[in-house]
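Residues per chain are reported as follows:
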Amino acid sequence: MPLKQHGRDYDIVVYGASGYTGKYTAQHIATHLPTTLKWAVAGRSRSKLEAVVSRLQELNPDRLPPSIEIISSTTDRTALEALCRRTFILLTTVGPYGSLGEPAFAACATTGTHYFDVTGEVPFVHKMITKYSSLAAQSGAKMFPQIGIESAPSDLLTWSLTQQLKREFGPATKTGQVTLSIHTLRSAPSGGTLATVFTILETFSLKQLKEAYKPYALSPVPHPNPDLAERRTTWITKVTGLATTPILGLGTTSVAAKTDAAIVQRTWGLLSEASNKGKEDESYGPRFSFKQYMKPRNWLSGVAIHLGLMVLGLVMATPFLRKVAKKFVYQPGEGAEEEVAKRDELEYWGVAKPDFGGDEVKEKEEGRKRAFGRCWFRGPVYYYTGVLLAEAAATLLEEESVDEQLGGGGIYTPACLGQPFIDRLDKAGFHFETKIMEE
């Protein structure tokens, strides 16, 4: 498939390519994207970038190496704008995004450069939407925050479940309750992820955090029942973290629940908005709600996970405890050794209930049917974060149908890239499947 013509020097630039996730991203590009790709790696240290390029040449000696671009400071917006004017798509792994990410985001929004990042910082995304949505729409920049492990799998699986319901019951079918479960998670967080956790309360005020994490705070349109998921949560779940969902089984509090919910809820809003403008109706419907859990080994471990996350929250909220904890974890740019990371695996399960809009006959005939889906991969979690970044960029670069569906510039979500993105991920080892089951 031919690459899109755009008149800029680079199709893709990986900014932060010498970091832990950036290296994996560059490796996937070097070994899987077209050899005609014009691309570069960018960052502060020439020697570190040269080492990355040398490794890429070992992995694939048959393709030309990427160029090297030096950005001496992550806060140098002038240098970033100059690079972005020569770049069609910027992939940035430079974080924590709350303290370091805005200059790159602003530069892309200003120059009409398409943008992808792997943040999990909802307050950062909330701030960028508030400040740069109009500018991105004017410049034509298509911007995709949170397209890494947080929060692409949850967003894409939710979208896939809603599409399965439409295939089964008709294209006008809406979705009621969606419940996901992190069924398997074997991985250790990188230094960059931990730095984000430790610094978020130093970057954003409690008021900003509260505002960003409100239900549908990232949605461009209001939900008629924003607290629907919360009202469906029992007091037992609130106290113990435990919940049992038909098909999925026992679940407990998920560390990524609120982070992923924010992006899923923005997708709800974006698709609702698109449907109202006469585009293909992929909207979820007015009674949509979303919950995410994590599968524990048993009820005792489920309660322990719930309480452990509460303790972690206390540590994060206490400056002295944060300072002590930082000494015992990976530092930014570090992570598990490749041989250890190869044993990583991640799998999500999900169920979606159709919303028949009060049709009693259909509810009686089809009411026990649910869409069931899962997505999974085996291998380094941070490598697959790089896969998500690289394949998302390739989707925008090569798939005309996606560009037409999106329309102009704006701040989008992983699910807005639709089935072409999922198909690419499947070929890269990140698999999705959905089917209809009965409770």
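Source: prediction; values computed, not measured.

Novice: Could you clarify how one ought to interpret the overall build of the protein in this entry?
Specialist: Helices and strands together make up the secondary structure of the protein, namely 19 helices and 14 strands. Relative to its length of 439 residues, the protein is compact, with a C-alpha radius of gyration of 21 Å against a globular reference of 22 Å. Taken over the C-alpha atoms alone, the protein extends approximately 65 × 50 × 40 Å along its principal axes. Among the 439 residues that make up the protein, the fraction classed as buried is 57%. Partitioning the contacts of the protein with sequence separation of at least 6, the portion at a separation of at least 24 is 83%. A total of about 19100 Å² of accessible surface is found on the protein, and carbon and sulfur atoms cover 54% of it. For the protein, the separation between the mean place of its 50 positive charges and that of its 47 negative charges on side chains is 6 Å.

Novice: Would you take a moment to explain a negative patch on the surface for this structure?
Specialist: On the surface, Asp359, Glu360, Glu363 and Glu365 cluster together into a negatively charged patch. Considering the arrangement of structural elements, one finds glutamate 363 in helix α16 (residues 360-366).

Novice: Explain the sheet that holds strand β7 (residues 174-186) to me, please; I cannot follow it from the model alone.
Specialist: Strand pairing in a sheet relies on backbone hydrogen bonds. The paired strands run either parallel or antiparallel. Ordered in space as β8-β9-β10-β7-β11-β12-β14, the 7 strands form an open sheet in which the pairing is mixed. Every interior strand has two partners, whereas the edge strands, β8 (243-245) and β14 (431-438), have only one. Mean inter-strand twist for the sheet, computed between neighbouring axes without regard to direction, equals 35 degrees. Two strands pair when backbone bridges link them, and strand β9 (residues 249-253) and strand β10 (residues 289-294) are joined in this way by 2 bridges, in the antiparallel orientation. Note on β10: the bridge partner recorded for threonine 253 is tyrosine 293. The strands touched by helix α13 (residues 299-317) are β9 and β10; relative to β9, the strand with the most contacts, the crossing angle is about 20 degrees.

Novice: It is not clear to me how the UniProt feature "transmembrane region" (unreviewed entry) in the protein should be interpreted in this structure. Could you clarify?
Specialist: The UniProt record annotates "transmembrane region" (unreviewed entry) at residues 299-321. As annotated, residues 299-321 comprises 96% helix and 0% strand, and the C-alpha atoms at either end are separated by 29 Å.

Novice: Whenever I open this one, helix α8 (residues 191-203) confuses me. Can you help?
Specialist: Side chains of residues three or four places apart in an α-helix project in the same direction, reflecting 3.6 residues per turn. In this model, α8 (13 residues) spans 17 Å end to end at C-alpha, consistent with the 18 Å of a helix rising 1.5 Å per residue. Residue valine 197 marks the point of greatest curvature in α8, where the axis turns by about 30 degrees. Considered for burial, the residues of α8 that qualify are Gly191, Leu194, Ala195, Thr196, Phe198, Thr199 and Ile200. The secondary structure elements touched by the buried residues of α8 are α6 (122-139), α9 (206-212), α13 and α14 (319-326).

Novice: Please explain the pattern of salt bridges as it appears in this structure.
Specialist: Should their charged atoms come close, side chains of opposite charge can pair. Summed over all chains, the structure comprises 23 salt bridges. Residues arginine 77 and glutamate 81 are paired through a salt bridge, measuring 3.1 Å at the closest nitrogen-oxygen approach. Highlighted residues: arginine 77 and glutamate 81, both in helix α3 (residues 77-84), separated by 4 residues, approximately one helical turn. We classify glutamate 81 as buried; its relative accessible area is 17%. In this structure, arginine 186 engages glutamate 345 in a salt bridge whose closest nitrogen and oxygen atoms are separated by 2.3 Å. Taken together, the residues span a long stretch of sequence, with arginine 186 in strand β7 and glutamate 345 in strand β11 (residues 345-355) at a distance of 159 residues. A single salt-bridge network, built from bridges that share partners, covers Arg186, Glu345, Glu347, Arg374, Arg378 and Glu433.

Novice: Would you take a moment to explain a nonpolar patch on the surface for this structure?
Specialist: A cluster of nonpolar residues, Leu314, Phe320, Leu321, Val324 and Phe328, forms a patch on the protein surface that exposes about 540 Å² of accessible area. No other element matches the 3 residues that α14 contributes to the nonpolar patch. Note that leucine 314 resides in helix α13.

About the thresholds
- Residues numbered from 1 in each chain as written.
- Predicted model: local features only at pLDDT ≥ 70, side-chain atom pairs only at ≥ 80, totals over all residues.
- Heavy atoms only, no water.
- Helix = DSSP H or I, 4+ residues; strand = E, 2+ residues; numbered from the N terminus.
- Rg over C-alpha atoms; globule rule 2.2 N^0.38 Å.
- Buried < 20%, exposed > 50% of the residue type's maximum accessible area, 1.4 Å probe, protein only.
- Contact = heavy atoms within 4.5 Å.
- Areas by Shrake-Rupley, 256 points an atom, 1.4 Å probe, with all protein chains shown as cover.
- Lys, Arg positive; Asp, Glu negative; His and termini not counted.
- Charge placed at Lys NZ, Arg CZ, Asp CG, Glu CD.
- Patch = residues over 30% accessible without salt bridge, like charges linked within 9 Å, V, L, I, M, F, W, Y side chains within 5 Å.
- Salt bridge = Lys/Arg side-chain N within 4 Å of Asp/Glu carboxyl O.
- Pairing = 2+ DSSP bridges.
- Axes fitted to C-alpha atoms, helices over the stretch in contact; angles between N-to-C directions.
- UniProt positions renumbered as here; feature names shortened; annotations may be inferred.
- Expected span 1.5 Å × (residues − 1).
- Bend = angle between axes of the 7 residues up to and from the residue.

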